Amino acid sequence: MIRRRVFIERGLAMLATAAVPESWGKWDWKRPSRAAEEVDSSGLGYEALNLLMDRIEAENAGKPFVVTRTKWLCALFEKARLAVKADDVFVDWIPDCWILTERRLKRVLAFERSRPEFAGGNDIHTGQTHGAYHACLDASHVCPDWESILSLGPSGLAARARGRRETAKTDDERLFLDCVIEVYESMSALCVRWAALAEDQGAGDCAATLREIAVHPPRTLREALQLQLVYDRCQEAEGECVRSQGLFDRLYMRFYRDDLAAGRETRASAKELIRQLFLKYWLQAHPNGKNIGFGGYGRDGVPVWNELTEIAFELHYELNHINPKLTFRYGSRTPHEQLLKVTRCLASGRTAVVFLNDDVAQEMFVRRGKDPADAADAVLIGCYEPGIQGREVIASMAAWINLAKPLEAVFNSGRAFDGHRLGPDCELPGDYTAFEREYLRQLDAVASTACRMERVYAERWYELNPSPLMSGAFRDAVEKARDAYCGSMKYNQSGVMCGGLATAADSLAAVRYLVDEARIVTMSELRDVLMSDWKGHDELRYRAQRQAPKWGNNDERVDAIAKRVHLALAKRINGEPNGHGGTFQAGFWSIDNDLLLGRLTAATPDGRKAGAPISRNNVATAGCGTGGPTALVLSNAKLDQAESPDGHIVDIVLPAVPNDGEGELAERIAAFLETFAQLRGQCIHLNVFNSQMLRDAQRHPEKYEELQVRVCGWNVRWNDLSRPEQEHFIATVEAQEGGGR
């Protein structure tokens with residue numbers, strides 16, 4: 001059931017099986033099955049639920065879709081099977097919770113087939129956009145309004161909507177608020193129903209907690225953590241993935257302090273409650289992990305660090321799990337000793353941590369018109385996409401752009417090598433200067449197409465994916481009495497993922513070297529070589545790979561090119577209207593879509609062959625980062641990362657020194673992170689190992705069952721990676737160790 005759920009979620013995020021590496025969706029080797037928790041007698045199974053949903057849809061035909069969706073969600077809360085077992089401290093699992101997501105996917109597919117804009121297809125996974133761009137309805141990147149949820153509880157959220165309804169002015173406003181009231185009353189009923197089942201199964205304390213949060217806001221840490229799990233499951237049942245659990249050490253500190261003052265909990269018992277929360281997220285097996293935020297500058301400008309921060313990183317160290325993953329916000333004001341307590345985890349191989357530099361993030365938010373005070377509430381949503389907790393819906397993968405693809409258009413008069421139109425007609429440039437200028441023009445055209453296609457979804461979002469439960473938690477949406485996707489949030493941006501920066505920069509540098517500087521080939525000859533996928537031109541390919549400069553090595557010859565590409569694309573995207581009351585934001589990252597985009601991209605001038613991966617995130621092309629991690633950071637530092645408001649991530653491999661102890665390694669990592677912040681980097685995550693260790697892990701996997709690998713935005717066990725994925729990591733490490741290109 002969980003593997004089926006993973007497939008549906010990935011499909012809804014428009015990441016179909018063609019894009020999924022073998023390791024995705026695999027079970028953590030120590031995780032038990034959740035089947036034992038399911039109580040079949042507690043409600044309807046999958047087939048019966050589907051029949052019920054069909055009947056509800058028929059009964060509400062002709063009414064706004066938000067009515068049907070509300071009835072579906074309430075039926076799920078009231079009728080679906082639930083999961084609980086006797087030793088549960090918390091409950092969190094509804095076995096068939098993805099049934100509405102399946103139905104939403106069918107609705108979106110029908111919409112796409114009906115639109116003339118998508119007549120040629122819009123699915124990048126099947127090659128319909130020829131690898132140039134992607135646009136979708138991105139409901140997979142949300143940070144709920146946790147402050148409202150924890151302050152009000154489901155009954156209070158219903159009451160807030162009821163109060164706002166008294167001043168509603170239009171039928172549309174009243175309908176929206178009626179749906180909010182209905183789903184939150186149903187969520188309260190779900191808590192009561194779950195409590196009765198927990199009591200029957202012997203989980204009495206859990207039952208008591210559920211009964212409390214059904215009728216009033218949480219008053220204890222136990223109640224607050226249970227509500228987080230219930231809300232998380234309910235929103236994901238509605239169809240919007242919860243990709244940030246918020247700023248944990250701020251949201252829950254008042255409950256912790258009150259419990260200690262009242263004698264309800266000790267530090268040790270509170271830590272055990274948080275351990276149980278972390279275990280629940282581990283068991284959920286989310287393929288990209290659940291992101292929980294810590295640290296950062298508070299509204300007073302002082303770095304936040306308290307007992308909950310300490311406890312969370314203690315647990316991250318002790319559990320050694322790949323999920324949940326943690327965000328740690330830090331900056332120039334973060335005390336070194338606090339940073340060391342986090343880097344101790346990385347030094348021991350617990351690398352499911354991403355770091356956000358608050359100094360850059362705050363400037364970035366202000367440039368995008370956000371209140372400086374709100375920047376204190378920043379979170380990373382999904383993997384490393386910045387947003388403001390509770391004040392915006394971050395559709396951070398609403399559109400994608402493949403930076404390598406416009407190279408084909410320059411060589412082929414605005415078309416991909418397969419003939420598909422990408423941009424305007426053009427003459428084949430005669431020299432490098434003209435080539436770069438034309439590349440930027442073709443890139444602009446691809447970006448324009450991606451944004452235009454995304455607006456088709458955005459303008460119909462409420463018809464496709466009304467979200468009374470998610471919207472009802474957002475204070476701004478309730479105040480304006482409109483769905484969160486209808487421009488009702490304080491901030492209404494959406495993201496454009498831009499992948500393949502190193503491939504684009506390396507290719508441009510190779511054109512300059514091969515055509516202008518070394519004069520080995522003419523532009524037309526290079527075009528023919530690329531169209532033949534380098535066949536019969538091994539020596540030329542060798543020179544493109546080995547003698548042309550490569551980005552990520554602090555080489556100004558190519559770093560200046562990357563800077564121009566980055567700036568041009570950021571200017572093109574940032575501020576472009578997105579169709580639902582806000583603007584697009586450029587993000588420079590790819591996660592693992594370097595594999596998918598590469599499969600749909602022809603040979604490139606940097607020596608890459610057709611179908612090979614493009615570069616990942618903001619790292620050197622695999623095997624080409626010979627300058628090591630310091631040079632990679634310096635190349636990135638030349639980019640204005642505050643102009644990457646949808647995220648800018650640097651993946652670092654720090655070679656492990658055999659004789660370093662954990663303390664020495666933690667110091668080295670902390671020093672590296674402090675330098676990264678001084679150089680105005682935005683986001684960074686790290687692996688810490690050497691190639692010798694990884695080769696040994698290939699030969700003796702039984703010795704490395706605990707070895708984790710940070711895979712572009714989440715962690716997996718080394719032993720769960722496929723052989724090609726392992727080789728990719730080893731090639732990257734060997735290059736940084738000085739193995740050369």
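Report on the accompanying structure. Just so it is clear, the model here is predicted, and its values are computed rather than measured.

### What about the pairing of strand β10 (residues 494–499)?
Burial analysis of β10 places six of its six residues in the buried class, which makes it a mostly covered element. Residues Ser494, Val496 and Cys498 line one face of β10 and the alternating positions Gly495, Met497 and Gly499 line the opposite face, and both faces are buried. As defined by bridge partners, strand β9 (residues 395–402) adjoins β10 across five bridges and the pair is classed as parallel. When the sheet's bridge partners are listed, alanine 399 is paired in β10 with valine 496. Pairing geometry for β10 and strand β11 (residues 584–588), over five bridges, is parallel. For cysteine 498, the partnering residue across the bridge sits in β11 and is phenylalanine 588.

### Thoughts on the pattern of salt bridges
Per the counting criterion, the structure on display carries 64 salt bridges. Residue aspartate 96 pairs with arginine 81 through a salt bridge whose shortest N-O separation is 3.1 Å. In this pair, aspartate 96 sits in the loop between β2 (82–83) and α4 (99–114) while arginine 81 sits in the loop between α3 (65–79) and β2, placing the two residues 15 residues apart along the sequence. By the burial criterion, aspartate 96 is buried, and arginine 81 matches it. When the shortest N-O distance is used, the salt bridge between aspartate 232 and arginine 233 registers 3.4 Å. A relative accessible area of 0% means that aspartate 232 is categorised as buried.

### Re the nonpolar core
Residues Tyr184, Tyr252, Phe328, Phe355, Ile401 and Leu403 are the most contacted members of the largest nonpolar core, which totals 193 residues. At 13 residues, the largest contribution of residues to this core is made by helix α6 (residues 171–201). Leaving out residues up to four positions away in the same chain, phenylalanine 328 has contacts with Phe294, Gly295, Trp305, Phe313, Thr334, Leu339, Val342, Val353, Val354, Phe355 and Leu356. Residues Val354, Ala361, Ile591 and Leu721 belong to the second largest nonpolar core, which totals 42 residues.

### Quick look at the packing of helix α11 (residues 267–284) against helix α12 (residues 307–319)
Where α11 meets α12, the closest approach of the two axes is 10 Å, and the angle between their N-to-C directions is 55°. In terms of axis orientation, α11 runs oblique to α12. Viewed along their axes, α11 and α12 form a crossing whose handedness is right-handed. Of α12, the residues touching α11 (which contributes Arg267, Lys271, Ile274, Arg275, Phe278 and Leu279) are Glu307, Leu308, Glu310, Ile311, Ala312, Glu314, Leu315, Glu318 and Leu319. Here the residues of the contact of α11 with α12 are counted per class, giving eight nonpolar, no polar and seven charged.

### Re helix α7 (residues 204–215)
In this model α7 runs 18 Å from its N-terminal to its C-terminal C-alpha over twelve residues, within 8% of the 16 Å that 1.5 Å per residue would give. Those residues of α7 that are buried lie in contact with α5 (146–165), α6 and α8 (221–238).

### Here's the deal with the packing of helix α2 (residues 46–59) against α4
Running from N to C, α2 and α4 point in directions that differ by 50°, and their axes come no closer than 11 Å. Classified by the interaxial angle, the pair formed by α2 and α4 is oblique. Relative to α4, the crossing made by α2 is right-handed. Contacts from Tyr46, Leu49, Asn50, Met53, Asp54 and Glu57 in α2 reach Ile99, Leu100, Glu102 and Arg103 in α4.

### Description of the pairing of strand β6 (residues 353–357)
Each regular strand shows side chains that alternate between the opposite faces of the sheet. Of all five residues in β6, five are buried; the element is thus mostly enclosed. Here strand β5 (residues 325–330) pairs with β6 via five bridges, running parallel. Residue pairing in the sheet places threonine 327 in a bridge with valine 354 of β6.

### Observations regarding helix α14 (residues 358–367)
Since one α-helical turn is 3.6 residues long, residues separated by three or four positions face the same way. Here α14 has its buried residues at Asp358, Val360, Ala361, Met364 and Phe365. The arc enclosing the buried residues of α14, seen along the axis, measures out at 155°, which places them on a common side. Where α14 is buried, its residues touch β5, β6, β7 (378–381) and β8 (385–388). The backbone nitrogen of aspartate 359 lies 3.1 Å from a side-chain oxygen of the residue at the head of α14, namely asparagine 357. Count one or two residues on from α14 and you reach glycine 369, which has phi positive near 85°.

Conventions we followed
Residues numbered from 1 in each chain as written. Predicted model: local features only at pLDDT ≥ 70, side-chain atom pairs only at ≥ 80, totals over all residues. Heavy atoms only, no water. Buried < 20%, exposed > 50% of the residue type's maximum accessible area, 1.4 Å probe, protein only. Helix = DSSP H or I, 4+ residues; strand = E, 2+ residues; numbered from the N terminus. Pairing = 2+ DSSP bridges. Salt bridge = Lys/Arg side-chain N within 4 Å of Asp/Glu carboxyl O. Core = buried A, V, L, I, M, F, W, Y, C linked by side-chain atoms within 4.5 Å. Contact = heavy atoms within 4.5 Å. Axes fitted to C-alpha atoms, helices over the stretch in contact; angles between N-to-C directions. Parallel < 35°, antiparallel > 145°, perpendicular 65-115°, else oblique. Left-handed = near helix turned anticlockwise from the far one by under 90°. Nonpolar A, V, L, I, M, F, W, Y, C, P; charged D, E, K, R; others polar. Expected span 1.5 Å × (residues − 1). Arc of directions from axis to C-beta. Polar contact = N/O pair within 3.5 Å; in protein donor to acceptor, adjacent residues only side chain to side chain.

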